[in-house]
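# Coordinate inspection notes
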Amino acid sequence: MSLLTSEEKMSRLLQVIGNPGVCGNERRPGCGAGIWWVTTKTGSHTPLNSDGTSHFATCPNAREFKLQQQKKRMAYGAPRTE
Ligand SMILES: [Zn+2]
């Protein structure tokens, strides 16, 4: 039996499937939070918080963040998928 909390489990999962990053880049400062980039089934990059929730839901700059991502999907240091 594991004694890990759900948040610890999510953190471990994200370390396996995600790529660490920070909200924001040199072109447009984000909120600076540490996030995980996860690639969805559709191939888009989604930023998650360490507890597994979408960073879009908690980022104070989420609106601008989304618009920016639509315009330029590789912004914010999202990892490349080879
Ligand atoms: Zn943010």
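One structure accompanies this document, and this report is about it. All of these numbers come straight from a predicted model, not from anything done at the bench.

## A closer look at the overall build of the protein chain
- Secondary structure assignment for the protein chain yields three helices and three strands.
- Going from N to C terminus, the protein chain has its helices and strands arranged as α-β-β-β-α-α.
- A buried classification covers 20% of the 82 residues belonging to the protein chain.
- Sequence-distant contacts in the protein chain: of pairs separated by 6 or more residues, those separated by 24 or more amount to 41%.

## Section: the sheet that holds strand β3 (residues 45-48)
- On the basis of which strands lie adjacent, the open sheet formed by three strands has the order β1-β2-β3 and antiparallel pairing. At either margin of the open sheet sits one strand with a lone partner, and together these are β1 (19-24) and β3. Ignoring which end each strand starts from, the neighbouring axes of this sheet average 45° apart.
- Taken together, the four bridges between strand β2 (residues 29-39) and β3 define a ladder with antiparallel strand orientation.

## Notes on the nonpolar core
- Core analysis: the largest hydrophobic core is formed by six residues, namely Leu 14, Cys 23, Ile 35, Trp 36, Leu 48 and Cys 59.
- Excluding residues that lie within four positions of it along the chain, Trp 36 makes contacts with Leu 14, Gly 18, Asn 19, Pro 20, Leu 48 and Ser 50.

## Topic: the environment of Phe 56
- With respect to the helices and strands, Phe 56 occurs in helix α2 (residues 55-58).
- Exposure remark for Phe 56: the 15 C-beta atoms within 10 Å place this residue in the partly exposed category.
- When the C-alpha atoms of Phe 56 and Thr 46 are compared, they prove to be 8.5 Å apart, with 10 residues separating the residues in sequence.

## Here we look at helix α1 (residues 6-17)
- For α1, built from 12 residues, the straight-helix expectation of 16 Å at 1.5 Å per residue is met to within 8% by its first-to-last C-alpha distance of 16 Å.
- The element α1 is largely exposed, with a buried count of one among its 12 residues.

## Some thoughts on the pairing of β2
- Where β1 and β2 come together, five bridges link them in antiparallel fashion. Within β2, the position partnered with Pro 20 by the bridge is Trp 36.
- The turn joining β1 and β2, which pair antiparallel and follow one another in sequence, is formed by four residues.

Rules used in this analysis
Residues numbered from 1 in each chain as written. Predicted model: local features only at pLDDT ≥ 70, side-chain atom pairs only at ≥ 80, totals over all residues. Helix = DSSP H or I, 4+ residues; strand = E, 2+ residues; numbered from the N terminus. Buried ≥ 20, exposed ≤ 12 C-beta atoms within 10 Å, placed from the backbone. Contact = placed C-beta atoms within 7 Å. Pairing = 2+ DSSP bridges. Axes fitted to C-alpha atoms, helices over the stretch in contact; angles between N-to-C directions. Core = buried A, V, L, I, M, F, W, Y, C linked by C-beta atoms within 7 Å. Expected span 1.5 Å × (residues − 1).

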